[in-house]
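Here's the letter readout for the chains.
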Amino acid sequence: MSESKLIPPHGGKLVDRMVPEADAQKLKDAAASMPSITMSAKQVCDLEMIGIGAFSPLEGFVGPDDFTSICTNMRLSNGTPWPIPITLAVDDATKDALAEGKQAALHHPDGTLMAVIDVTSIYAHDKKLEIPNVFGTEDEAHPGVKAVVDEGDWLVGGPVHVITTEADSGDAERFESHRLPPAKTREAFDKLGWSRVAAFQTRNPIHRAHEYLCKCAQEICDGLLVHPLVGETKPGDIPADVRMKCYETIIEHYFVDERTMLSVMPAAMRYAGPREAILHALIRQNYGASHFIVGRDHAGVGDYYGTYDAQLIFDQFTRDEIMVEPLKFEHAAWSNRAQGMVSAKTFPKIQGDQIFLSGTKVREMLARGERPPGEFSRPEVADVLIEWAVNAAAPA
């Protein structure tokens, strides 16, 4: 097989912490006598991301040196860029049952044994360091801040040995046909002959402005990876199964099939704005993307971040440090005068010319069974959302 022309993984090597099937039963038997940690939904997502190599070069949950360095410098203690600490927080009772130099069993909330961690460190969870640095605010109305505040006061660091990424309860849609780990997306890109791949991060359905950004990226790359986040999100976000139906629908009707790939990313949202934009870019580098679309208020929530802060933060790193290239797009919208999608870079701003709809306005229209204007949303996508919104609004 010819050598891959894809961008290398972050840190130079794709991590694989999945336990070979031949060794899994032995580790399961050993785990029965280990102290147990019941993970949160976010930690379950993080475990899968570590196991499949999406968080390369991380091999486990971070220790104290990396935690401090990430919070203060956006780098691992060895200098490698990394913007958000991936932590395993536990409460006092769990911490007291653990010992450094030993192992612990990691369980899903439903009791499924998912992994074993080599406990290399147990240290105080310095939330006063993490929260303002990572989120830029200490306001507990911020969902990412609230999640950290509610976590345990101790952190457990060490490499993990992942037995499974799927819980026994099977109560969450996993989109198995689209759940490709980084090694598999890379393999697919090589097979397709793609070396320049643009990735699009989304936790929302794709409207016309998103479509415009994706197609601009397709013009300069070999292919597009539509890569929705399907891990834990905040209450009020559109469910992942509804979003996936929207993505499948818009790709079927409005994208070139052989130039577009849909795959899911099982990460949890932090809503950390600029720092999360860096994290999302590094993750997509691990999946094989050479370019990453960064639009308006990427990974933001509320009014906590400036419109283009998530683009400006990339300027703090060199291209040798972060090899994936951010594609920094202005806010785009439909212009009646131009009869197409425009941005501040491509068309003069004329009062009343561009079509802007607030999320609240769109949700109200959908709940009434009304399609938003075709200049804002493709009708086929709107119909998927109308079905969901009407059912969600109906009395139980």
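Here's what I pulled together on the structure shown here.

1. Concerning the side chain of Arg 179
- With respect to the element layout, Arg 179 can be found in the loop between strand E7 (154-162) and helix H7 (182-192).
- Not counting chain neighbours up to four residues away, the residues in contact with Arg 179 comprise Glu 48, Arg 174, Val 230, Val 264 and Pro 266.

2. Some remarks on the environment of Pro 205
- Tracing the backbone shows Pro 205 in the loop between strand E8 (197-202) and helix H8 (208-220).
- Taking the relative accessible area as the measure of exposure, Pro 205 reaches 11% and is therefore buried.
- Here the alpha-carbon distance between Pro 205 and Met 244, two residues 39 residues apart in the chain, equals 8.0 Å.

3. Topic: the nonpolar core
- Formed by 75 residues in total, the largest nonpolar core has its most connected members in Leu 47, Phe 55, Phe 61, Trp 82, Leu 106 and Ile 117.
- For this core, the leading source of residues is helix H10 (residues 274-287), giving seven residues.
- With residues near it in sequence (within four places) discarded, Phe 55 still touches Asp 46, Met 49, Ile 50, Trp 82, Ile 86, Leu 279, Ile 283 and Asn 286.

4. Details of the sheet that holds strand E13 (residues 332-335)
- Read from one edge to the other, the open sheet built from three strands follows the order E14-E13-E15, with strand pairing classed as antiparallel. This sheet does not close on itself; its edge strands, each paired only once, are strand E14 (340-343) and strand E15 (354-355).
- In terms of strand pairing, E13 meets E14 through four bridges, oriented antiparallel. From the neighbouring strand, Ser 335 faces E14, where its bridge partner is Gly 340.

5. What to know about the state of the cysteines
- Counting across every chain of the model gives zero disulfides.
- Cys 45 provides the cysteine sulfur closest to Cys 71, a residue in no disulfide bond, and the two sulfurs are 20 Å apart.
- Among the residues examined, Cys 71 registers a relative accessible area of 0% and is labelled buried.
- You can see Cys 214 has no disulfide; the closest cysteine sulfur is in Cys 216, sitting 9.4 Å from it.

6. Overview of helix H6 (residues 143-150)
- Along H6, the residues that are buried comprise Gly 144, Val 145 and Val 148. Taken end-on, H6 shows its buried residues confined to a sector of 100°, consistent with a single buried face.

7. Let's talk about the pairing of strand E4 (residues 103-107)
- The buried count for E4 comes to four of five residues, which makes it a mostly enclosed element.
- By the bridge criterion, three bridges tie strand E1 (residues 36-38) to E4 in an arrangement that is parallel. Note on E4: the bridge partner recorded for Ile 37 is Leu 106.
- By the bridge criterion, five bridges tie E4 to strand E5 (residues 113-118) in an arrangement that is antiparallel. Along E5, the bridge assignment pairs Ala 105 with Val 116.
- The turn joining E4 and E5, which pair antiparallel and follow one another in sequence, is formed by five residues; a positive phi near 100° is taken by Gly 111.

8. Looking at the packing of aromatic side chains
- This model, assessed by the stated rule, comprises four aromatic pairs.
- When the ring of Phe 55 is compared with that of Trp 82, the centres are 5.8 Å apart and the planes differ by 90°; the resulting orientation is edge-to-face. Here Trp 82 lies in the loop between helix H3 (64-73) and strand E3 (89-90) and Phe 55 lies in the loop between helix H2 (41-51) and strand E2 (60-61), a separation of 27 residues in the sequence.
- Residue class for Phe 55 comes out buried when judged on its relative accessible area of 1%.
- Looking at Trp 82, the relative accessible area reads 0%, which means it is buried.
- Looking at Lys 215, its charged tip hangs above the ring of Phe 255, at a distance of 4.7 Å from the centre.
- Its end group placed over the ring of Tyr 254, Arg 378 keeps NZ or CZ at 3.9 Å from the ring centre.

What counts, and where the lines are drawn
Residues numbered from 1 in each chain as written. Predicted model: local features only at pLDDT ≥ 70, side-chain atom pairs only at ≥ 80, totals over all residues. Heavy atoms only, no water. Helix = DSSP H or I, 4+ residues; strand = E, 2+ residues; numbered from the N terminus. Contact = heavy atoms within 4.5 Å. Buried < 20%, exposed > 50% of the residue type's maximum accessible area, 1.4 Å probe, protein only. Core = buried A, V, L, I, M, F, W, Y, C linked by side-chain atoms within 4.5 Å. Pairing = 2+ DSSP bridges. Disulfide = S-S within 2.5 Å. Arc of directions from axis to C-beta. Phe/Tyr/Trp six-rings, centres within 6.5 Å; stacked < 30°, edge-to-face > 60°. Lys NZ or Arg CZ within 6 Å of the ring centre and 35° of its normal.

Note that every value here comes from positions in space, so none of it alone points to a role or purpose.
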